[in-house]
Amino acid sequence: AAQEPEAVVAARVEEARGEAARAAEMAREAGQREQIMTQDKAYLAGRLEVASERLLQTEAVLARRDSDLASMQAAKEAAEARLAAAAAEHAESCSSRVAEEAAKWEKAAAAAAAASAASSKPFSGRYVVFQPPSGLGEYFVALRNAAGIAAALHRTLVVPHILWDGKLDSRMRFSAIFDLAPLRRAMAAAGTLAGYSGALLEVDDFLQLRLAPDCLLFLHVKDPHLLPSRAYFDAVAGWSNLSAIHMPSQMCAAADYRRLYGGCGAPVLAFSHLYAAFEGFPPGSPLAAWFADELPAALSSSDSEEATRKAGRIIARLAAETGSFSCIHLSHLDAAVVSSRAPLTPTPDSASFGDAHEADTSAPHAVVDVAGPAAHSVPHLSQDSGGAPNTLRLPSTACDAFDAESHQPAGRAWVKELSSAGYSCHVSEAVLRANLARLPPRDPILILADGGRALPERLAERASNELRSEFRHVGDVVALLGLDIRLPEWPSVELAACAAASTLLLNRYSPLSALLERRASRRAVAFAESADGSAAAPRSLWWMRVGSDRCVPLFTRTCRFDLQPNRFGILGQFGPERKLQLQTYNVSSLIGWDGRVTPNASIELEVYVSNESHALATFEYTKDNNKLGLTFVVPPPAGGWRAHTWQPLVLPIRDRHYSFPRLTPWDNMDRLELYYAHPHQQQQRGDYVRIRNVYLRSSTQAPSSETARYTPCCDLAPVDHAPARRPSEQLAASAAASGGQ
């Protein structure tokens with residue numbers, strides 16, 4: 001009890017100490033808060049001072065702006081005053097100019113009214129416009145198609161510029177080079193037949209009307225390497241802001257154009273290009289004969305008087321020695337700009353003029369796209385020279401594409417007809433050598449070249465000696481006569497001079513050759529109708545293919561296969577892991593761009609059987625079993641199978657014999673399997689089959705010019721082919737070669 005107050009005192013002391021500590025902590029916190037408040041006051045005072053300075057600066061800027069605004073307002077009022085004074089000063093002159101323009105329009109309206117009153121047919125007021133191609137032959141084809149479409153749709157034809165050297169900045173009016181009157185008369189005749197005005201305008205006159213189409217029509221034609229463009233419309237007409245609609249135009253005739261565009265009320269129909277875009281009118285219709293005869297005659301007789309006069313002097317000089325001369329069209333469908341003065345440049349990377357084996361990479365080419373600016377010619381892909389050899393050899397020129405198309409089921413009929421008749425699109429040195437001999441001797445030979453192409457010197461010298469003739473260009477005769485020919489006149493003068501030749505050697509695939517042939521045909525008719533037959537009618541010849549055969553040996557030695565009992569009739573197999581190996585693995589030199597053997601392909605072999613009932617039945621030349629290659633059911637030879645006799649077989653390769661040709665590795669074909677006829681599991685032993693001289697053959701000989709004697713491949717020199725190495729070995733060799741370089 002006595003100690004109890006001491007505990008209370010101790011507790012109170014402890015409590016007092018805690019309160020003192022808390023008071024000290026509160027005092028410390030109050031000091032900190034006071035310090036923070038002091039710092040905040042200093043910071044806010046600084047910010048206030050900065051804001052005051054900025055306010056003063058802003059007020060100064062606003063004051064300057066007010067001053068500038070007042071100055072600008074004063075300048076505006078002064079300018080308005082000067083403008084009013086100028087307007088008042090020139091009011092009288094402007095009124096006189098307006099009166100003059102009004103008088104011109106009234107005069108034009110009176111002339112139009114007089115023309116309308118004089119004509120029984122109203123002016124259509126609707127137009128067909130198209131982009132011109134650079135090639136002159138292509139230009140006339142497109143112009144003819146455009147005239148037919150204009151007649152079918154009862155629209156006014158707009159004749160575009162001629163790009164004499166393939167450039168947009170050197171375009172010329174049609175009437176500046178050729179005579180427009182024959183085409184105008186032909187269109188008037190079409191208007192009479194179809195019941196519309198039959199009018200035409202040149203593009204410069206059309207552009208003054210300030211009309212524009214609602215959109216551009218991009219035509220996709222059957223020609224597989226043409227893609228539509230708009231370069232001419234954008235550069236000449238200023239239609240770069242117009243949208244484009246892609247339209248099909250494959251095998252479209254007049255009825256199709258009426259169905260697609262006949263109900264269109266737009267004043268202007270603008271087509272991207274019309275080359276290969278029109279198939280004409282139905283037989284028996286009023287315009288069919290006009291499109292087939294009258295219109296081509298008008299286009300082929302459109303030389304101007306000046307060009308005719310100058311060409312006449314050239315013709316007289318060429319015919320001065322013998323009374324006649326010949327003309328050859330040295331064609332190149334990828335550079336078909338006909339002018340001796342068109343810009344040229346050496347292009348070592350461009351395609352060769354002839355076959356792949358006769359490339360002349362140093363020859364100059366015209367730097368233009370034949371289809372442009374109406375369309376883009378899709379560039380043909382070239383082979384990849386690195387690594388393993390390319391299995392598919394894609395077309396490298398337009399003529400390559402024609403050759404490939406002639407063997408396709410969906411190819412155009414006229415391409416197949418020309419190929420089957422033996423006409424050559426490539427004018428290679430071999431074709432030149434074979435065809436120049438058909439020209440009459442002693443007559444001078446005029447050369448009309450596409451893209452500045454020239455005859456090889458040695459070939460020209462040899463042909464000149466054999467024919468006792470001299471090769472000449474128009475430029476040579478012009479220099480000799482001292483004629484003054486303007487640059488744009490060269491194409492028309494050259495065409496007129498060549499068309500007047502007694503003998504023409506032309507290219508069936510070239511539209512320019514077709515134009516020359518029409519001119520020659522017109523002259524032939526004139527000769528036939530003339531009273532005296534003293535002069536001979538002109539004669540048109542065509543570049544023809546040179547027959548050649550290429551053979552790749554698959555197996556040339558004699559091999560015997562004993563018949564073994566099996567239900568499949570397997571006779572034997574050549575393969576990489578077999579005892580028998582093929583002589584050649586790489587046959588890609590005979591393979592076209594589509595994965596098939598190039599024209600008139602066949603398999604040749606000789607067969608010897610001991611039993612007629614068990615002869616060779618199936619020939620399977622595939623990379624894998626039953627796929628990737630060729631498979632034949634072997635037919636019996638003429639007269640049937642004969643035992644113990646070597647019998648030659650020629651197996652034509654058809655489309656049905658191929659299995660996945662595009663996927664077949666033709667550069668590594670190392671498998672061949674043979675089957676015999678009438679197999680049985682209990683087949684008696686003792687019979688056998690022998691084979692030898694197995695060849696893969698390709699012939700460029702035209703079917704119509706086959707000779708009576710057929711030369712087997714074993715009697716021909718084999719084609720150069722790569723050694724029979726595996727792709728791995730070829731890749732290693734290529735890598736080693738590149739490493740050495």
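Here is a short report on the structure shown in this document. Quantities reported herein were computed from a predicted structural model and do not represent experimental measurements.

### Observations regarding the sheet that holds strand 8 (residues 244-248)
Here's step 1: Here 6 strands make up an open sheet; going across it, the order is 5-2-1-9-6-8 and the pairing parallel. Each edge of the sheet is formed by a strand with only one pairing partner; in this case those strands are strand 5 (200-202) and strand 8. This sheet shows a mean twist of 30 degrees between the axes of neighbouring strands, independent of strand direction.
Here's step 2: As paired elements, strand 1 (residues 127-130) and strand 2 (residues 156-159) share 2 bridges and run parallel to each other. Directly across from Tyr 127, in strand 2, lies its bridge partner Thr 156.
Here's step 3: Across the sheet, helix 2 (residues 136-153) lies against strand 1, strand 2 and strand 9 (268-271), angled at about 160 degrees from strand 2, the strand it touches most.

### A closer look at the pairing of strand 14 (residues 445-449)
Here's step 1: Taking burial as the measure, the 5 residues of strand 14 include 5 buried ones, the bulk of the element.
Here's step 2: The alternating pattern of strand 14 places Ile 445, Ile 447 and Ala 449 and Leu 446 and Leu 448 on opposite faces, both of which are buried.
Here's step 3: As paired strands, strand 10 (residues 326-330) and strand 14 are joined by 5 bridges and run parallel to one another. Across the sheet, residue Leu 330 finds its bridge partner in strand 14, namely Ala 449.
Here's step 4: Direction of pairing for strand 14 relative to strand 15 (residues 471-472): parallel, over a ladder of 2 bridges. By the bridge assignment for strand 15, Ile 445 is matched with Phe 471.

### A look at the packing of helix 2 against helix 8 (residues 286-299)
Here's step 1: Direction vectors running N to C along helix 2 and helix 8 enclose 140 degrees, while the axes themselves pass 11 Å from each other. It follows from the interaxial angle that helix 2 and helix 8 lie oblique. Considering only the axes of helix 2 and helix 8, their crossing is right-handed. On the side of helix 2, the interface is formed by Phe 140, Leu 143, Arg 144, Asn 145, Ala 147, Gly 148 and Ala 151, while helix 8 contributes Leu 287, Trp 290, Phe 291, Ala 292, Leu 295, Pro 296 and Leu 299.
Here's step 2: For the contact of helix 2 with helix 8, the per-class residue count stands at 11 nonpolar, 2 polar and 1 charged.

### Some words on the packing of aromatic side chains
Here's step 1: Counting across every chain of the model gives 24 aromatic pairs.
Here's step 2: Chaining the aromatic ring pairs together yields one cluster made of Tyr 257, Tyr 261, Phe 271, Phe 278, Phe 281 and Phe 291.
Here's step 3: Directly above the ring of Tyr 688 sits Arg 560, whose terminal nitrogen or CZ lies 3.9 Å from the centroid.
Here's step 4: One residue, Arg 692, lies across the ring of Trp 646, its end atom 4.0 Å from the ring centre.

### Considering the state of the cysteines
Here's step 1: Applying the stated criterion across every chain yields a total of 3 disulfides.
Here's step 2: The side chain of Cys 327 participates in a disulfide bridge whose partner is Cys 498; the two sulfur atoms lie 1.9 Å from each other. The disulfide joining Cys 327 to Cys 498 has a torsion of about -105 degrees about its S-S bond and is therefore left-handed. Taken together, the residues Cys 327 in strand 10 and Cys 498 in helix 15 (residues 490-499) connect sequence positions 171 residues apart. Accessibility assignment for this pair places Cys 327 and Cys 498 in one class, buried.
Here's step 3: Between Cys 399 and Cys 425 runs a disulfide, and the two sulfur atoms are separated by 2.0 Å. The disulfide joining Cys 399 to Cys 425 has a torsion of about -65 degrees about its S-S bond and is therefore left-handed. Note that Cys 399 is positioned in helix 10 (residues 398-405) and Cys 425 in the loop between helix 11 (413-420) and helix 12 (429-436), a separation of 26 residues in sequence.
Here's step 4: Judged by its relative accessible area of 5%, Cys 399 is buried.
Here's step 5: The class of Cys 425 is buried, set by a relative accessible area of 3%.
Here's step 6: In this model Cys 264 remains outside any disulfide bridge; the closest cysteine sulfur is found in Cys 215, 7.7 Å from its own.

### Remarks on the side chain of Asp 687
Here's step 1: Inspection of the secondary structure assignment puts Asp 687 in the loop between strand 26 (672-676) and strand 27 (688-699).
Here's step 2: One buried charged side chain, Asp 687, makes no salt bridge at all; its nearest oppositely charged neighbour is Arg 560, positioned 8.5 Å away.
Here's step 3: In terms of polar contacts, Asp 687 uses its side chain to reach the side chain of Asn 611, at 3.1 Å.

### With respect to the environment of Ala 288
Here's step 1: Following the sequence through the fold, Ala 288 ends up in helix 8.
Here's step 2: For Ala 288 and Gly 148, which are 140 residues apart along the polypeptide, the C-alpha to C-alpha distance reads 9.5 Å.
Here's step 3: For Ala 288, the residues in contact, after removing those within four places along its chain, are Phe 281, Pro 282 and Pro 283.

### What about the side chain of Ser 326?
Here's step 1: As for its placement among the helices and strands, Ser 326 is situated in strand 10.
Here's step 2: Judged by its relative accessible area of 0%, Ser 326 falls in the buried class.
Here's step 3: Those residues in contact with Ser 326, other than ones at most four positions away along the chain, are Leu 439, Pro 440, Asp 443, Pro 444, Ile 445, Leu 446, Ala 501 and Thr 503.

Scoring rules and cut-offs
- Residues numbered from 1 in each chain as written.
- Predicted model: local features only at pLDDT ≥ 70, side-chain atom pairs only at ≥ 80, totals over all residues.
- Heavy atoms only, no water.
- Pairing = 2+ DSSP bridges.
- Helix = DSSP H or I, 4+ residues; strand = E, 2+ residues; numbered from the N terminus.
- Axes fitted to C-alpha atoms, helices over the stretch in contact; angles between N-to-C directions.
- Contact = heavy atoms within 4.5 Å.
- Buried < 20%, exposed > 50% of the residue type's maximum accessible area, 1.4 Å probe, protein only.
- Parallel < 35°, antiparallel > 145°, perpendicular 65-115°, else oblique.
- Left-handed = near helix turned anticlockwise from the far one by under 90°.
- Nonpolar A, V, L, I, M, F, W, Y, C, P; charged D, E, K, R; others polar.
- Phe/Tyr/Trp six-rings, centres within 6.5 Å; stacked < 30°, edge-to-face > 60°.
- Lys NZ or Arg CZ within 6 Å of the ring centre and 35° of its normal.
- Disulfide = S-S within 2.5 Å.
- Lys, Arg positive; Asp, Glu negative; His and termini not counted.
- Salt bridge = Lys/Arg side-chain N within 4 Å of Asp/Glu carboxyl O.
- Polar contact = N/O pair within 3.5 Å; in protein donor to acceptor, adjacent residues only side chain to side chain.

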